[in-house]
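Chain by chain, the residues run as shown.
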Amino acid sequence: MSNSKEIIYQISAILILASAVLYSFLPAIAPWILIVAVLALSAITASTPYPGKSIRGKRLFGFQVFSCMFMIVSAYLMLRNNNLWALTMMVGAVFLLYSAFMLPKELKKEESEKEEKDV
């Protein structure tokens with residue numbers, strides 16, 4: 001991922017967390033911050049697919065896509081003042097957290113297997 005994409009990705013993640021906290025204090029503004037942040041996160045995720053060939057890596061990338069979908073639903077529910085937004089946000093966060101930790105490991109494993117095969 002390029003440096004500008006990483007910065008946008010990190011800012012989006014921080015804004016998602018901030019909007020969840022802000023919802024308690026500014027319920028009229030927080031959904032709009034969440035919508036912008038989730039759309040940016042989803043755009044970065046969609047434009048950066050898994051570069052490897054392993055099925056597990058592709059499945060983990062699918063988890064990231066599902067995470068973005070859950071967060072989009074969460075933004076809609078927050079906009080409609082439905083308290084289920086917190087549940088969908090948690091499910092999306094769990095998927096995103098799991099894939100964020102496991103994708104680099106899988107890519108590193110795949111690259112080391114490729115190097116062993118070439119030697």
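See the structure above.
The following refers to the structure shown. (Residues numbered from 1 in each chain as written. Predicted model: local features only at pLDDT ≥ 70, side-chain atom pairs only at ≥ 80, totals over all residues. Heavy atoms only, no water.)

Each helix and strand counted, the protein has four helices and zero strands in total. When its helices and strands are written in sequence order, the protein yields α-α-α-α. For the protein, the spread of C-alpha atoms along the three principal axes comes to 60 × 25 × 20 Å. Counting the 119 residues in the protein, one finds 33% classified as buried. At a minimum sequence separation of 6, the contacts of the protein that also span at least 24 residues come to 69%. Looking at the protein as shown, the accessible area adds up to about 7800 Å², and 72% of this sits on carbon and sulfur atoms. Separation of charge centres in the protein, based on 11 positive and 8 negative side chains, amounts to 9 Å. (Helix = DSSP H or I, 4+ residues; strand = E, 2+ residues; numbered from the N terminus. Buried < 20%, exposed > 50% of the residue type's maximum accessible area, 1.4 Å probe, protein only. Contact = heavy atoms within 4.5 Å. Areas by Shrake-Rupley, 256 points an atom, 1.4 Å probe, with all protein chains shown as cover. Lys, Arg positive; Asp, Glu negative; His and termini not counted. Charge placed at Lys NZ, Arg CZ, Asp CG, Glu CD.)

Another aspect to go through is the packing of helix H1 (residues 3-22) against helix H2 (residues 30-47). A pair of packed helices is captured by two measures, namely the crossing angle of their axes and the spacing between those axes. One way to put it is that H1 packs onto H2 with a least axis distance of 8 Å and a crossing angle of 150°. It follows from the interaxial angle that H1 and H2 lie roughly antiparallel. Relative to H2, H1 is oriented so that their crossing is left-handed. Seen from H1, the contacting residues are Lys5, Ile8, Tyr9, Ser12, Leu15, Ile16, Ser19 and Leu22; seen from H2, they are Ala30, Ile33, Leu34, Ala37, Val38, Ala40, Leu41, Ile44, Thr45 and Ser47. (Axes fitted to C-alpha atoms, helices over the stretch in contact; angles between N-to-C directions. Parallel < 35°, antiparallel > 145°, perpendicular 65-115°, else oblique. Left-handed = near helix turned anticlockwise from the far one by under 90°.)

On to a nonpolar patch on the surface. Together, Val21, Phe25, Leu26 and Ile29 make up a nonpolar patch on the protein surface, roughly 410 Å² of accessible area in all. Relative to the helices and strands, Ile29 resides in the loop between H1 and H2. Overall, Ile29 belongs to the partly exposed group, its relative accessible area being 44%. (Patch = residues over 30% accessible without salt bridge, like charges linked within 9 Å, V, L, I, M, F, W, Y side chains within 5 Å. Salt bridge = Lys/Arg side-chain N within 4 Å of Asp/Glu carboxyl O.)

On to the environment of Ser99, then. Of note, Ser99 is situated in helix H4 (residues 85-118). Its relative accessible area of 0% is what places Ser99 among the buried residues. Distance from Ser99 to Phe63, taken between C-alpha atoms, is 6.4 Å for residues 36 residues apart in sequence. Ser99 has contacts with Leu60, Phe63, Gln64 and Pro104, leaving out every residue within four places of it along the chain.

This part takes up the side chain of Glu106. Of note, Glu106 is situated in helix H4. For Glu106, the residues in contact, after removing those within four places along its chain, are Tyr50, Ser54, Arg56, Gly57 and Leu60.

Turning our attention to the nonpolar core. Within the largest apolar cluster, 17 residues are counted, with the highest numbers of intra-cluster contacts made by Ile16, Leu34, Leu41, Met71, Met78, Trp85 and Met89. For this core, the elements supplying multiple residues, two or more each, are H1, H2, helix H3 (55-79) and H4. In this structure Met78 touches Ser19, Ala20, Tyr23, Ala30, Pro31, Leu34 and Trp85, once residues within four positions along its chain are discounted. (Core = buried A, V, L, I, M, F, W, Y, C linked by side-chain atoms within 4.5 Å.)

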